[in-house]
Amino acid sequence: FSSIVTFSTTPARPEVPQAPTETTITSDTISIKWVEPFDNRSPIQQYHVRYRRVDDRDWTDEYVPRVVHAGQPETIALDGHRKRTDQIHPIRGLQAFSQYVVAVRAENAHGWGPYSARGCCRTLEARPDQPPPPVCVEASPTSLKVQLTHPRVNGSQVIFHYLAWRPVALADRSAADEEPGEWQE
């Protein structure tokens, strides 16, 4: 009959989280989700989410507290690990129709763990911006030549431009009750 030996590991930094994936995407927001890593017997306190556009060099950093979702009590398994839950975080203020890379790491009382593999996602396209007013470059008694400036398209395809005009009342007209003309296309 052999004697019973009991041992346990000492708490350490968290392990690597899984690569984040997108859950909800709009033209300026991506909500990302990741399964939290093993905490190595020391509760995770927060996450460091970093992201950047694929064609940028500089990262943007956000620090996110760990969330235990309502209705999900924190449980500890027999092996000493806490039950891992999905973490969700919205990244706001992004550019429309742009591709981003995102990575996550976790922190506990023993420090920061390593970054996850990078997740990749793209924001949706958005409506084009409102164009600036047309500029009259030439005028005659029967015609106008105008110059249009293209708006920022935000990943959308411009299908057509719509231009409307109407005559306006001039200051030297004698009939005070004369209204500007109807809109023309």
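Note that this is a predicted model, so its numbers are computed, not measured.

The rules we used
One numbering rule holds for all chains: residues counted from 1, following each sequence as written. Two thresholds apply to this predicted model, a pLDDT of at least 70 for residue-level local features and 80 or more for giving and counting side-chain atom pairs, whereas whole-chain, interface and lining totals are computed over all residues. The side-chain values count all of the structure's non-hydrogen atoms but skip hydrogen atoms and water molecules. Criterion for a salt bridge: a side-chain nitrogen of Lys or Arg within 4 Å of a carboxyl oxygen of Asp or Glu. Put simply, DSSP H or I for four residues or longer makes a helix, DSSP E for two residues or longer makes a strand, and each gets a number counted from the N terminus. Only buried residues count toward a nonpolar core, which is a set of Ala, Val, Leu, Ile, Met, Phe, Trp, Tyr and Cys residues joined through side-chain atoms within 4.5 Å. Accessible area is worked out with a 1.4 Å probe on protein chains only. A residue is then buried under 20% of its type maximum, exposed over 50%, and partly exposed in between. A 3.5 Å cut-off defines polar contacts: any pair of N or O atoms within that distance qualifies, except that in protein one atom must be a possible hydrogen donor and the other a possible acceptor, and neighbouring residues in sequence count only when both atoms are side-chain atoms. By definition, residues are in contact when any of their heavy atoms lie within 4.5 Å. One requirement defines pairing of two strands: DSSP has to find at least two bridges between them. Axes, fitted as lines to C-alpha atoms, cover a helix only where it is in contact. Angles between the N-to-C directions of the axes lie from 0 to 180 degrees.

Concerning the pattern of salt bridges
- One pass over the structure, following the stated rule, counts five salt bridges.
- Across the salt bridge formed by Asp86 and Lys33, the nearest N and O atoms sit 3.9 Å from each other. Of the two residues, Asp86 is situated in strand E5 (residues 86–92) and Lys33 in strand E2 (residues 29–35); the sequence distance between them amounts to 53 residues.

Observations regarding the nonpolar core
- Formed by 15 residues in total, the largest nonpolar core has its most connected members in Ile32, Tyr47, Val49, Ile91 and Val102.
- Elements with a minimum of two residues in this core: E2, strand E3 (46–53) and strand E6 (99–108).
- Broken down by element, the residue count for this core peaks at four residues, all from E6.

Observations concerning the side chain of Gln87
- Here Gln87 lies in strand E5.
- Within the local environment of Gln87, its side chain forms a polar contact with the backbone oxygen of Val67, the two atoms lying 2.8 Å apart.
- Each residue touching Gln87, except ones within four places of it in the same chain, is listed here: Ile32, Lys33, Trp34, Glu36, Tyr47, Pro65, Arg66 and Val67.

Section: the sheet that holds strand E1 (residues 21–25)
- Strands sit in the order E1-E2-E5 across an open sheet of three strands; the sheet is antiparallel. Where the open sheet ends on each side, the last strands, each with one partner, are E1 and E5. Shown here is a sheet whose adjacent strand axes are inclined to one another by a mean of 25 degrees, direction ignored.
- Pairing analysis gives four bridges linking E1 to E2, with the strands arranged antiparallel. For Glu22, the partnering residue across the bridge sits in E2 and is Ile32.

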